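The lines below spell out each chain.
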Amino acid sequence: MNLSEQLFARAQKSIPGGVNSPVRAFRSVGGTPFTTQSAQGAVLTTADGAQLIDFVCTWGPAIHGHNNEAIRNAIAEALNKGTSFGTPNVYEVEMAELVKDCFPSIDKVRMVNSGTEATMSCIRLARGYTGRNKIIKFEGCYHGHVDSLLIKAGSGALTLGNPDSAGIPESFAQETIILPYNDKDALADAFRRWGKEIAGVIVEAYPANCGLILPREGYMEYLRDICTEYGSVFIMDEVMTGFRVSRGGVQEKHGITPDLTALGKVIGGGLPVGAFGGKEEIMNYIAPLGPVYQAGTLSGNPLAMAAGIRAIQLLHQEHLYSHLESATRYLCESVSNAAKKRGIALQTPHTCSMFGLYFTTERVDRFDQAQHTDTNKFAQLFRYCLEHGVFLPPSAYETCFLSTAHTPEVIEQATQVICEGIHTL
Ligand SMILES: *Cc1c(COP(=O)(O)O)cnc(C)c1O
């Protein structure tokens with residue numbers, strides 16, 4: 001057994017499945033997960049000394065690469081002053097102002113410790129604000145492990161939810177309406193049927209927890225408008241896309257103004273941070289101003305804020321997003337061409353610094369299409385890449401991420417490995 005295997009065997013005795021988040025266990029691609037010893041720039045070094053070009057980027061946060069010097073220095077500076085105060089601190093005010101500056105839809109913002117907390121709080125707030133109970137979510141969209149959101153659909157086009165996880169009461173699930181993504185008619189039907197009961201609609205700004213699905217022309221505008229028509233709160237979950245596809249997320253790219261936005265991942269600069277914010281009128285419903293309770297012992301933690309502030313400030317670098325975008329496009333086009341040459345059906349949906357690999361013939365617009373892609377081929381490609389120094393996400397349903405530390409040389413090297421991997425399929 002190598003060191004990673006030994007450590008994983010040891011972990012399994014004390015941690016369920018040996019991991020603190022299930023997908024890390026490599027169940028859908030096979031093999032034993034490696035243990036990371038250290039991470040620098042675009043590269044992970046495993047406990048056994050292997051160097052891997054990383055396209056997981058800690059599941060999105062590491063847009064500036066691993067162990068970024070400026071972020072590390074910001075944390076060190078904050079560390080000198082103490083790790084947690086339990087009172088207001090200057091970092092959280094600065095962070096709130098920065099978030100507002102990036103997201104014009106946000107008048108007020110509250111910090112939390114994860115994306116899950118952010119979406120959970122948005123849901124409670126939407127319900128508290130509207131006095132309604134039902135929430136619409138979309139098949140394949142992941143919003144963290146919030147009870148009422150951990151539900152996808154049955155096979156029907158319009159079903160009340162069945163929980164995905166044991167431990168979620170049917171009665172909770174009954175308040176969640178699951179719809180197919182990119183389907184305006186399904187949305188119109190649901191609003192016709194339950195309109196005045198719908199507290200809010202939550203959508204992943206780009207559904208990216210089932211590969212990467214992009215909205216059809218006009219779909220997000222339609223979502224915005226129908227929420228306005230029925231007085232429901234429109235919640236954009238930009239935990240993954242916020243600060244990543246542009247400083248102001250998908251809402252900036254598409255010119256959409258949600259009522260509430262959930263943030264996470266990049267906002268923490270590698271430390272655990274989430275945030276939610278939006279219209280002042282709605283945010284004022286939160287305690288201590290209003291009746292919707294929400295709190296956190298470590299919320300606005302000074303170390304986490306210092307890391308996040310610096311990460312956001314670094315996004316101001318000129319051409320940062322256009323460089324990420326062109327690197328992503330280059331990689332996707334090369335891989336796509338390699339697949340074509342081999343006669344392998346592969347879709348490579350991509351947007352600035354994010355891409356998906358779907359082994360299928362057609363563009364994927366909905367979750368059920370994503371479910372019918374060839375995940376065995378993905379697993380084979382994953383294993384080839386891992387053996388040859390490239391770490392893709394250990395599931396066909398996760399998005400791949402680039403960082404600014406993925407230089408053209410690194411991208412070239414990784415592209416070659418992935419293309420060779422395609423040739424072996
Ligand atoms: C990761 C993610 C979450 C959950 O964030 P955690 O920090 O893992 O709790 C919520 N929504 C989206 C879109 C995500 O990608």
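Everything that follows concerns the structure shown earlier in this document.
Conventions adopted
Residues numbered from 1 in each chain as written. Predicted model: local features only at pLDDT ≥ 70, side-chain atom pairs only at ≥ 80, totals over all residues. Heavy atoms only, no water. Axes fitted to C-alpha atoms, helices over the stretch in contact; angles between N-to-C directions. Helix = DSSP H or I, 4+ residues; strand = E, 2+ residues; numbered from the N terminus. Parallel < 35°, antiparallel > 145°, perpendicular 65-115°, else oblique. Left-handed = near helix turned anticlockwise from the far one by under 90°. Contact = heavy atoms within 4.5 Å. Nonpolar A, V, L, I, M, F, W, Y, C, P; charged D, E, K, R; others polar. Near = heavy atom within 4 Å. Polar contact = N/O pair within 3.5 Å; in protein donor to acceptor, adjacent residues only side chain to side chain. Areas by Shrake-Rupley, 256 points an atom, 1.4 Å probe, with all protein chains shown as cover. Core = buried A, V, L, I, M, F, W, Y, C linked by side-chain atoms within 4.5 Å. Buried < 20%, exposed > 50% of the residue type's maximum accessible area, 1.4 Å probe, protein only. Domains from an automatic or database assignment.

J.: Quick one: what's the story with the packing of helix 11 (residues 320-342) against helix 14 (residues 408-423), residue by residue and with numbers?
T.: It is at 9 Å that the axes of helix 11 and helix 14 come closest, and there the two elements cross at 20°. For the element pair helix 11 / helix 14, the angle class is roughly parallel. Between helix 11 and helix 14 lies a crossing whose hand is right-handed. Along its contact with helix 11, which presents Ala-327, Tyr-330, Leu-331, Ser-334, Val-335, Ala-338, Ala-339 and Arg-342, the element helix 14 presents Ile-411, Glu-412, Thr-415, Ile-418, Cys-419, Ile-422 and His-423. Split by residue class, the contact of helix 11 with helix 14 holds 10 nonpolar, three polar and two charged.

J.: If you had to explain the site of the ligand to someone new, which residues and values would you point to?
T.: Taken together, Ser-114, Gly-115, Thr-116, Tyr-142, His-143, Gly-144, Glu-204, Asn-209, Asp-237, Val-239, Met-240 and Lys-265 form the complete shell of residues around the ligand. In the model, a nitrogen atom of the ligand is placed 2.7 Å from a nitrogen or oxygen of the Asp-237 side chain. Its free accessible area being 380 Å², the ligand has 83% of it covered by the protein chains. Looking at side-chain class alone, the shell around the ligand contains three nonpolar, six polar and three charged residues.

J.: Please set out the nonpolar core residue by residue, giving values where relevant.
T.: Grouped together as the largest cluster of nonpolar side chains are 69 residues, with contacts concentrated most on Phe-55, Val-99, Phe-243, Ile-267, Val-390, Leu-392 and Ile-422. At the level of secondary structure, the elements contributing two or more residues to this core comprise strand 3 (51-54), helix 3 (90-102), strand 4 (108-112), helix 10 (302-314), helix 11, helix 13 (375-387), strand 16 (390-391) and helix 14. No other element matches helix 11, which puts nine residues into this core. Residues from two domains meet in this core; each of domain 1 (3-63 + 319-423) and domain 2 (69-314) gives at least three.

Function cannot be inferred from these measures alone, as they are strictly geometric.
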